[in-house]
Structures are given as C-alpha cells and as structure tokens.
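Breakdown of the fold
Listed below are the residues making up each chain.
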Amino acid sequence: MTTSIRTDRRLAVDGGRPLRPPDRPWPRWPVPAPDAERNLAAVLHGGRWAISSPTCGDTPLFERRFAADFARYVGTRHCVPVDHGSSALVVALESLGLDFGDTVLVPALTWTASATAALRAGLVPVLVDVDADTGCIGPDDLDLSVDPRAVVAVHWASNMADIPALDAVTATRNISIVEDCAQAHGATWQGRQAGSLGRIGCFSFQHGKVLTCGEGGAVVTDDDSLAPVLQELRADSRRYRDGRPAPGELDLEESAGIQGANFCLSEFSAAVACAQLGFLDEQHTVRNRNYALLTELVADLDGVRLLQPAPAQTRISIYEGTIVVDELPAGMSNADLATALTAELGKRFYVTDEPLHRSPLLQPWTKPLLAPLAERFSEIHRDRAYPKTEWLAAHTVQTHHSTFLGDERDMHDVAGALGKVLAR
Ligand SMILES: Cc1ncc(COP(=O)(O)O)c(C=O)c1O
C-alpha cells in the first residue's frame, strides 16, 4: 500500500497547510456505551449511591455486578473494584503482607503511580530498566541484589511484560508479581488475559483508559486468601457479608481482619463501568485493525516502525500507539516530531512520560511520612543507569488509543504526516 503525501511540502508547524484538513474530526473519547445512560439513571433513582449504602428494596449494587463481570472477563476468581488504579496498586501491595521498607522493583518507564503506590504501601520502589523491544520489564532487568519482595510488572502502551519469564526468576525466591494492567485491559499472552498471569492484577479506569468510568480501578486475583484481605483494605476493614443483607443493612460487614481505608468505587462509576465493559472488545477490534494497517503503511518509511508486542502476546490492547523512529533526522528530536505531527494531523502526538528516575512527579522526600523510605530510595538510586529506557524515551512518539478508533483514512493520514515531517 502506498502513502499519499499531499501537495504543500511546508510543514504545518512552519505555517504550511496541514496534511489533514482541520474540518475532519478525529474519533471522540470517551464513547459512552449504549447502556451507560440507563445504568446511571438506575443508580440515580435506585437509592444506593455507594456500596456503603443500606439496602433499598431489591436494588442490587452495580459495584458487585461489575466485580463479577470483570473477574469473568479477565478470567480470575476474584475482582475487587476500587476508586483509582493507584488505589488498586496500593491495596495489592498492602495485601502481600510485606515488611515496612521492603523493596519492590518497578520499571522506570511507567506512570508515577506504579512507584508511588509502593511508597504509600510502606515499601521502597527500586527503578529498573526495561526491555528495549517491548518497553516492559524483562527477566534480565530484575535486580535481585536489592532483595526485592515484589515486582510491579507494567504492561506498557500496547505491550505486555513477559510474566511467565519473570515468574521463572521470581517464583522460587518468594517474590510476588503484581501486574500493572492500567494500560492493558483485554490484552492476552498465549490466550491468557493481562491481570490473570501474576499473583495480582491491577487496573485503572481513569478517563483516558480503554475501559473507563471517569475514575476507577480494580484488583483481580486467583488467590482465595488474598481476596478477603483486598476487600477489607479497600472498604475500611469491611467485606461483603455472606448471603443477603437484611432490609436496611449494608452489603458490607465489619469483618475487621486488617486495617483498611476507603478506596471504594462509587455506584455511579460502577454503573458506567458495567456498560463500558460490554463495549470493550468491539473497540479493541477496531483499534487493532487500524494499528495493523498503520504498521504496514509505516513499513514504507525508512527506520520507522510501530512498537510491536513479543510473539507470545496474542492480543494487543492499545492504550497508546507508539511510533519508534530508529534514527531521527539531524536536528530533530522526538519532541519536535511530536509537535510537527500534531500540527499536521490536528490530533495530539507526544513523547512518553518522563522516565521515573528523573520524573518531577516522584519525590518522596517532600512528604514527612515517607522520610525513612525516601532516604533508602535516594541511596539505592544514586548510581543507576537506564540506557534502554532513555533510548525509548528519546526515539518514540505516542498518541492516544482513540486515534485508532476511526477508519483506514485516518491511518493513511498518520503515515502521510510521518512521511512529510521526516522528509524534512
Ligand atoms: C501504568 C499505570 N499505572 C497506574 C496508573 C494509575 O491509575 P489511576 O490514574 O486510575 O490512579 C496509571 C494511570 O495512568 C498507569 O498508566
């Protein structure tokens, strides 16, 4: 397939005509699922706005329905919904029963929450490099010298970390794998869903995620002993009672096995999440078809490729489409490329989040409560290098998954804009 580059060769960023006419809109995000409005109205008028609200006639909790639906979707025995993906990571790490100050390996290339969650759970995140091909932590990146007790294995952008390979190193050393699936809802590895391969899986349903209810999250696990602990950690030491609550009682009982906090998902959010889940696979199909087409189209451009998953990954879930440019034209950074693409296409392209070893969003020393952890954190990170993370951060541009929710013409536009900008 060829890529058409339209007539005005001057870049839009330099005042030329944009490759894509501004009157051609991109798909909007989020896209409300057909049932979203009906579910929201049911909450609004059903008399139960929180899981800590008393029973009200026969009104069931959307939160409990979502927990069952999402566990089925991921293929795990349990799902505990929470209010944010960050909270999912906090309660997941807390549930492991580690000691204060234990270390947790976290990839340097991820959102800050993957690391701050460890601090909030009383643990020290130790940043490690990632595999240059996938952008995810690989078995060779595990730093066992710091005696880690857990690994937060982030599935990054559209790629999954190789959990079985990580497990081969960690299983015999009593190191738990917590999958951070905030960017990987519905991705599969040899047919198994992200979140079902490690000891615990954590999801975010924040606005930009492929499954969203505005703000929300969930923890999934097959571990029957962890599930009640996770429930208590997220609902002030309460968990669902067995059987039906009596009229006017809560679905929650004060089981009080462990000190919890309130990380509960609102019923409004749960209602939206239930509806959006039914829509997710359809959207995956559209995005993945367009991603495959763009992969083909950019093959015509020297040194440009889309980030591809490891062969064992059987389905991608595109949170961010990642374009890798092996050699950027002289004088052009990937940030310049992102700005130029944004101007050509009227859709935002950007560079990755600042890697965590130099992210301004990760500064535990600013919070007195974290002081002992911060000290150890600074000490451990004094002389570390992240060459593969740095390479990816300097050679990639990304775009939100909604870029892939349209049709073929959109992909031709992206490939055309890449050709136009890189030809300069
Ligand atoms: C990899 C990763 N982990 C955790 C989170 C945190 O999720 P939330 O924003 O719902 O707290 C995010 C959100 O962007 C993320 O991308």
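Residues numbered from 1 in each chain as written. Predicted model: local features only at pLDDT ≥ 70, side-chain atom pairs only at ≥ 80, totals over all residues. Heavy atoms only, no water.

Some remarks on the packing of aromatic side chains
With the rule as written, the count across this model stands at eight aromatic pairs. A centroid spacing of 5.3 Å and a plane angle of 15° characterise the contact between Phe66 and Phe70, whose relative ring orientation is stacked. Separated by four residues within a single helix, Phe66 and Phe70 lie in helix α2 (residues 62-74), roughly one turn from each other. With respect to class, Phe66 is no different from Phe70; both count as buried. (Phe/Tyr/Trp six-rings, centres within 6.5 Å; stacked < 30°, edge-to-face > 60°. Helix = DSSP H or I, 4+ residues; strand = E, 2+ residues; numbered from the N terminus. Buried < 20%, exposed > 50% of the residue type's maximum accessible area, 1.4 Å probe, protein only.)

Side note on the sheet that holds strand β15 (residues 349-350)
Strand pairing within a sheet occurs via backbone hydrogen bonds; the two strands may be parallel or antiparallel. With antiparallel pairing, the four strands of this open sheet are ordered in space as β12-β14-β16-β15. Each edge of the open sheet is held by one strand with a lone partner, namely β12 (304-306) and β15. Packing against the sheet, helix α11 (residues 387-395) makes contact with β12, β14 (320-325) and β16 (396-400), and its axis sits at approximately 65° to β16. Lying on the sheet, helix α12 (residues 408-423) is in contact with β12, β14 and β15; it crosses β14 at an angle near 30°. (Pairing = 2+ DSSP bridges. Contact = heavy atoms within 4.5 Å. Axes fitted to C-alpha atoms, helices over the stretch in contact; angles between N-to-C directions.)

Some remarks on the state of the cysteines
Under the definition given, this model contains zero disulfides. There is no disulfide at Cys264, and the cysteine sulfur nearest it, in Cys79, is 13 Å away. Summary of cysteine pairing: Cys274 is not part of a disulfide, and the nearest cysteine sulfur, belonging to Cys213, is at 9.4 Å. Since its relative accessible area comes to 7%, Cys274 is described here as buried. (Disulfide = S-S within 2.5 Å.)

Considerations on the pattern of salt bridges
This structure, assessed with the given rule, holds 24 salt bridges. A salt bridge links Arg234 to Glu63, with the nearest nitrogen and oxygen atoms 2.8 Å apart. In this pair, Arg234 is assigned in helix α6 (residues 226-234) and Glu63 in helix α2, connecting sequence segments 171 residues apart. This pair shows no difference in class: Arg234 is buried, exactly as Glu63 is. Within the structure, one salt-bridge network assembled from shared partners comprises Arg20, Arg24, Asp410 and Asp413. (Salt bridge = Lys/Arg side-chain N within 4 Å of Asp/Glu carboxyl O.)

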